[in-house]
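# Report on the structure
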Amino acid sequence: MSICVRRMLWDDIAQVRGIDLNCFPTMVPPTNYETEFVNPMAYYLVAYDKDIAPPEDISGRKSQKVLGFIGLWYMASEMHIINLAVHPDYRLLGVGELLLICGIGLSMELKAILMTLEVRLSNLAAQALYAKYGFSERGVRRAYYLDNSEDAGIMTLDNMYTPEYKAALHALKIRYLQTWKKSAEDTSFIVDMGCNAAE
Ligand SMILES: CC(C)(COP(=O)(O)OP(=O)(O)OC[C@H]1O[C@@H](n2cnc3c(N)ncnc32)[C@H](O)[C@@H]1OP(=O)(O)O)[C@@H](O)C(=O)NCCC(=O)NCCS
């Protein structure tokens, strides 16, 4: 696979919505991605595979095959991860991790003072991913999820600019590249995000 990440384009919305509905079928109300696209505080990044032939929509336009996405809101100098989802056919291939790496890079580029999110207490896969990148548990929102009244764990990363975290992040990126990309110098997978998140 040859996974790349870039800002979500208007033509990606149908695929992003499809992944969202698959991953979060009980979300009420479902996210309105047309509104999010023009929301000045929202940043949506999509992962795609350069080697997968793009689907063709009914108008004959070709778009890239979206494997997953991350949605972030930047407000009051804090970056909130609104959603992170990978198509079920492309899980455990490093897609979610790359999206999170790029989300952290974007947050640092924008000089966010922290990153934070809510995650279902039962969602151990997502918690493991966030913990791997230094997010720690900071509390619980009781009955946060409307479908089954499940509690949400609050996970936050607020030491992004310490030398220790920067070194740990660098090591994680190198390990990621060695695992999935082979060349530790290769940053060509991060494209067109309006920031130099490869740093
Ligand atoms: C959570 C999710 C985004 C992970 O994406 P992914 O592309 O499959 O994950 P990756 O292959 O990049 O894995 C990276 C890390 O995530 C964690 N992880 C991912 N899947 C895991 C699983 N099934 N069990 C435990 N840890 C898991 C691990 O820490 C892993 O690192 P490792 O390989 O060193 O163990 C994906 O499972 C998903 O879309 N889930 C449904 C939507 C969701 O729950 N989103 C989170 C909302 S807060």
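Numbering of residues begins from 1 in every chain and follows the order in which that chain's sequence is written. Per-residue local features of the predicted model are confined to residues with pLDDT of at least 70, and side-chain atom pairs are confined, for both listing and counting, to 80 or more; whole-chain, interface and lining totals are unaffected and use all residues.

What follows is about the environment of Ile154. Position of Ile154 relative to the elements: it lies in strand E7 (residues 152–157). Any residue surrounded by 20 or more other C-beta atoms within 10 Å of its C-beta is treated as buried, while 12 or fewer makes it exposed and the intermediate range makes it partly exposed; C-beta atoms here are placed from the backbone. Taking the number of C-beta atoms within 10 Å as the measure of exposure, Ile154 has 16 and is therefore partly exposed. In this description, a residue-residue contact is defined by the distance between C-beta atoms placed from the backbone, which must lie within 7 Å. Those residues within four positions of Ile154 in sequence are excluded, and the remaining contacts are Thr116, Glu118, Arg138, Gly139, Val140 and Arg141. Starting at the N terminus, helices and strands are each numbered in turn, a helix being any DSSP run of H or I of at least four residues and a strand any DSSP run of E of at least two.

Residues in contact with the ligand amount to 20 residues; listed here are only the nearest, Arg91, Gly96, Glu97, Ala125 and Leu129. Contributing elements (two or more residues each) for the shell around the ligand: strand E4 (78–86), helix H3 (95–109), strand E5 (114–120) and helix H4 (124–132). With 6 residues, the top contributor of residues to the shell around the ligand is H4. Residue type decides the class: Asp, Glu, Lys and Arg count as charged, Ala, Val, Leu, Ile, Met, Phe, Trp, Tyr, Cys and Pro as nonpolar, and the leftover types, Gly among them, as polar. Classifying every residue of the shell around the ligand by side-chain character gives 14 nonpolar, 3 polar and 3 charged. For each residue, a C-beta position is placed from the backbone atoms; the residue is near a molecule or strand when that point lies within 6 Å of it.

What makes a nonpolar core is a set of buried Ala, Val, Leu, Ile, Met, Phe, Trp, Tyr and Cys residues, with links drawn between C-beta atoms within 7 Å. Grouped together as the largest cluster of nonpolar side chains are 40 residues, with contacts concentrated most on Leu45, Val46, Ala47, Phe69 and Leu99. Looking at this core, the elements that each hand over two or more residues are strand E1 (3–7), helix H1 (13–23), strand E2 (42–49), strand E3 (66–75), E4, H3, E5 and E7. Counting residues per element, this core draws most heavily on H3, which supplies 9 residues. Among all residues touching Val46, those that are not within four sequence positions of it are Arg6, Met8, Asp12, Val16, Val66 and Phe69.

Turning to the sheet that holds E5, a few remarks are in order. One requirement defines pairing of two strands: DSSP has to find at least two bridges between them. One open sheet holds the 7 strands; their spatial order is E1-E2-E3-E4-E5-E7-E6, and the pairing between them is mixed. The sheet is open, and its two borders are formed by E1 and strand E6 (136–141), each paired with just one other strand. Sheet twist, expressed as the average angle between the axes of neighbouring strands with direction ignored, equals 25°. By the bridge criterion, 5 bridges tie E6 to E7 in an arrangement that is antiparallel. Residue pairing in the sheet places Val140 in a bridge with Gly153 of E7. In this description, a line fitted to the C-alpha atoms serves as the axis of each element, helices being fitted only across the stretch in contact, and the angle between N-to-C directions of two axes falls anywhere from 0 to 180 degrees. Packing against the sheet, H1 makes contact with E2, E3 and E4, and its axis sits at approximately 90° to E3. Docked against the sheet, H4 engages E5 and E7, running at close to 160° with respect to E5.

Model confidence for the protein chain is summarised by a mean pLDDT of 89, while 86% of its residues fall at 70 or above. Across residues 193–199, confidence stays below pLDDT 50; counting only partners more than four residues off in sequence or on other chains, it has 17 contacts. What pLDDT conveys is the predictor's confidence in a given residue, as a value from 0 to 100.

Time to look at the pairing of E2. The buried count for E2 comes to 6 of 8 residues, which makes it a mostly enclosed element. Here E1 runs beside E2; their pairing, made up of 5 bridges, is antiparallel. If you follow Arg7 over to E2, its bridge partner there is Leu45. As paired elements, E2 and E3 share 7 bridges and run antiparallel to each other. Paired with Leu45 across the bridge in E3 is Ile70.

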